[in-house]
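# A structural walkthrough
Here's the letter readout for the chains.
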Amino acid sequence: MSTFPSLQQLHDLKPLQQPTYPDSGAVQATVDRLRGLPPLVFAGECDALKAKLAAVSRGEAFLLQGGDCAETFAEVTADNVRNKLRVLLQMAVVLTYAGSMPVVKLGRLAGQYAKPRSSDLETRDGVTLPAYRGDAVNAFEFTPEARIPDPGRMLDVYNNSAATLNLVRAFVTGGYADLRQVHAWNNDFIRESPFAQRYEQMATEIDRALEFMKAIGANPDEFRGVDFYSSHEALLMEYEHAMTRIDSRTDKPYNVSGHFVWIGERTRQLDGAHVEYFSHIQNPIGVKLGPTATADDALGLAAKLNPDNEPGRLTFITRFGAEKIREGLAPLVEKVSAEGVSVAWISDPMHGNTFTSSNGYKTRRFDDVIDEVQGFFDVHRSLGTVPGGVLVEMTGDDVTECIGGGEELDEASLAHRYESVVDPRLNRVQSLELAYLVAEMLRRG
Ligand code: PEP
Ligand code: MN
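Conventions we followed
All residue numbers refer to positions counted from 1 along the written sequence of the respective chain. To label them, take the chains in the order written and letter them from A, then take the ligands in the order written and number them from 1. Since the coordinates come from a predicted model, pLDDT governs what is reported: local features require at least 70, and pairs of side-chain atoms require 80 or more to be given and counted, while whole-chain, interface and lining totals use all residues. Excluding hydrogens and water, the side-chain figures rest on all heavy atoms present in the structure. In this analysis a 1.4 Å probe is tested at points of a 1 Å grid over the protein atoms alone, and where it fits but cannot get out there is a cavity; an open set with protein on both sides within 12 Å along at least five of seven lines is a pocket; lining residues have an atom within 4 Å of a point. Grid points are joined across faces, edges and corners, and a volume is the space filled by probe spheres set on the points. Each helix is a run of DSSP H or I of at least 4 residues and each strand a run of E of at least 2, with the numbering of both proceeding from the N terminus. Throughout, the ten residues Ala, Val, Leu, Ile, Met, Phe, Trp, Tyr, Cys and Pro are labelled nonpolar, Asp, Glu, Lys and Arg are labelled charged, and all others, Gly among them, are labelled polar. Whether two aromatic rings pair depends on their centres lying within 6.5 Å, for rings of Phe, Tyr and Trp, where Trp uses its six-membered ring; planes under 30 degrees apart make the pair stacked, over 60 edge-to-face, and the rest tilted. For a ring to carry a charge above it, either NZ of a lysine or CZ of an arginine must fall within 6 Å of the ring centroid while also lying within 35 degrees of the normal to the ring plane. Throughout, exposure labels follow a simple rule: accessible area from a 1.4 Å probe, protein chains only, divided by the maximum for the residue type, with under 20% read as buried, over 50% as exposed, and the rest as partly exposed. The pairing criterion for strands is at least two bridges between them, as found by DSSP. The definition of a right-handed crossover adopted here requires that, viewed with the strands pointing away, the path from the first strand over the helix to the second runs clockwise. For salt bridges, the criterion is a side-chain nitrogen of Lys or Arg within 4 Å of an Asp or Glu carboxyl oxygen. Each metal site lists N, O and S donors within 2.8 Å (3.2 Å for Na, K and Ca). With water left out of the atoms, a site can look as if it is missing ligands.

## Comments concerning empty space enclosed by the protein
Scanning all chains against the criterion turns up two cavities of 30 Å³ or more. Looking at the largest cavity, its volume works out to about 60 Å³. Every element with two or more residues in the lining of the largest cavity is listed here: β5 (228-233) and α8 (237-242). Among the residues making up the lining of the largest cavity, the classes are represented as six nonpolar, two polar and two charged. Here the second largest cavity is characterised by a volume of approximately 40 Å³. Every residue along the wall of the second largest cavity is listed here: D68, E71, T72, E75, V76, N80, V81, K84 and T164. The leading source of residues in the lining of the second largest cavity is helix α4 (residues 78-99), at three residues.

Structure representation (structure tokens):
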């Protein structure tokens, strides 16, 4: 299809991971309403992010992408958004200093409400119901009514995304993101946590750098505000199609529900509806690549999604698991770079490292997460290619969903505060620790 496809044309391609709505009239009404609503992001902002991702692909910037596996409407509160943003900003400062380069800050938020599931059904105590597919589709509660897909939820996605993004925009431009403030939070983290002593040296160095800037009277605007972008997996055809608009400057389609959107591991078929849709939008985009991805898959995706080989347009987000990353990633990167394909490589060290604990929680080991990032760096360093960044599932709160880290959370502690409705997230402390450990990897150069 050379022109932007209709929703019907995309449905003809049989998109995977879609809900079956009982009432098609209600779906149409929602889609019509969404089409008339204002954009959440602007095409020019998407272009600016694309230019930054081009710098990432050249090794001149580092990408930090983070947020919940699945946002929920109930968690759209000022406290929750602020805590998440604060930790992301704290992580970014550490990475910026260690890498001596800009960190592109990309929230996995303001739209991350639709989830692919490995099974259409969920069984508990002999009762089988449709799986929870994210707040965009149905409710988490385990009752037949709650699990019926409700198209009206797509309007709630829009409204909650707008509220989240509005708060984020206010925070990052209104003084909250001031570099000196963010660094002071990092110092608090190091003071409070005995196990964080190993990160003290870097904090002291940042102190000195800031003191130096103060001494010479430098007080740039960049101290007070940062650029922050939104991203989500563009999964739900009705929502993403309705939120795609033709930009008046360029006459081209942009997804205006988030700056960056990605295709998940389960929906990246070359002839599938998602890849077709993504091939038309102008946003910077990502594709997840797991252990079954071949170099030819990657080349096919690049040819279809970025035929002009535009730098910054395409990001490959690799998620192999700690055990497979070293062997699995190398041939992929080698062939893709030998073909001269322009791509930013990002490590998702979360999705290949999920398992069920003996007491029944879906969890991840902090050490596996770190090991996968290390493997990702090792592969790129040995090939002379660029380890461009990390994607983490994290929260600003002190949840207990992943095992390990300095607090040494064990399996028993998962029961204390497990709040995720889908995948386990790094908590505040684990996220900051990850930032310091990745900073050390960046520094080793
Ligand atoms: C995710 O990012 O939450 C996800 C479902 O990832 P993947 O598509 O890589 O499995
Ligand atoms: Mn996830």
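## Quick look at the packing of aromatic side chains
Taken as a whole and judged by the stated rule, the model has 12 aromatic pairs. Feature note: the residues F4, Y277 and F278 constitute an aromatic cluster, connected by ring pairs. Of note, R86 hangs over the ring of W185, and the distance from its end group to the ring centre comes to 5.1 Å. Note that R124 overlies the ring of F140, its terminal NZ or CZ placed 5.9 Å from the centroid.

## With respect to the pairing of strand β1 (residues 62-67)
Most of β1 is tucked away, with six of its six residues classed as buried. Covered by surrounding structure in β1 are F62, L64 and G66 together with L63, Q65 and G67, the residues of both alternating faces. Bridge count between β1 and strand β2 (residues 103-107): five bridges; the pairing is parallel. By the bridge assignment, F62 is partnered in β2 with V103. At this point the chain moves from β1, through α4, to the parallel β2, and the crossover so formed is right-handed. Bridge count for β1 against strand β14 (residues 389-393) is five bridges, and the pairing is parallel. Paired with L64 across the strands is V390, a residue of β14.

## Considerations on the pattern of salt bridges
In this structure the tally under the stated criterion is 31 salt bridges. In this structure, R364 engages E393 in a salt bridge whose closest nitrogen and oxygen atoms are separated by 2.8 Å. Here the residue R364 occupies a position in the loop between β13 (362-363) and α12 (366-383), and E393 occupies one in strand β14, the gap between them amounting to 29 residues. In this structure R364 comes out as buried when scored by relative accessible area, which is 0%. Residues R428 and D398 are paired through a salt bridge, measuring 3.1 Å at the closest nitrogen-oxygen approach. Of this pair, R428 sits in helix α13 (residues 428-444) while D398 sits in the loop between β14 and α13, and the two are 30 residues apart along the sequence. For R428, a relative accessible area of 23% translates into the label partly exposed. The exposure class of D398 is partly exposed, given its relative accessible area of 40%. Three or more residues are tied together by salt bridges with common partners; here these are R108, K362, R364, E393 and D423.

## Details of the coordination of the manganese ion (ligand 2)
Surrounding the manganese ion (ligand 2) are the protein donor atoms C69 (SG), H351 (NE2), E393 (OE) and D423 (OD), which sit 2.1 to 2.4 Å from the metal. Taken in chain order, the donor set of the manganese ion (ligand 2) reads C-x281-H-x41-E-x29-D. With a gap of 354 residues between them, C69 in the loop between β1 and α4 and D423 in the loop between β14 and α13 connect regions that are remote in the sequence. Residue C69 shares its accessibility class with D423, and that shared class is buried.

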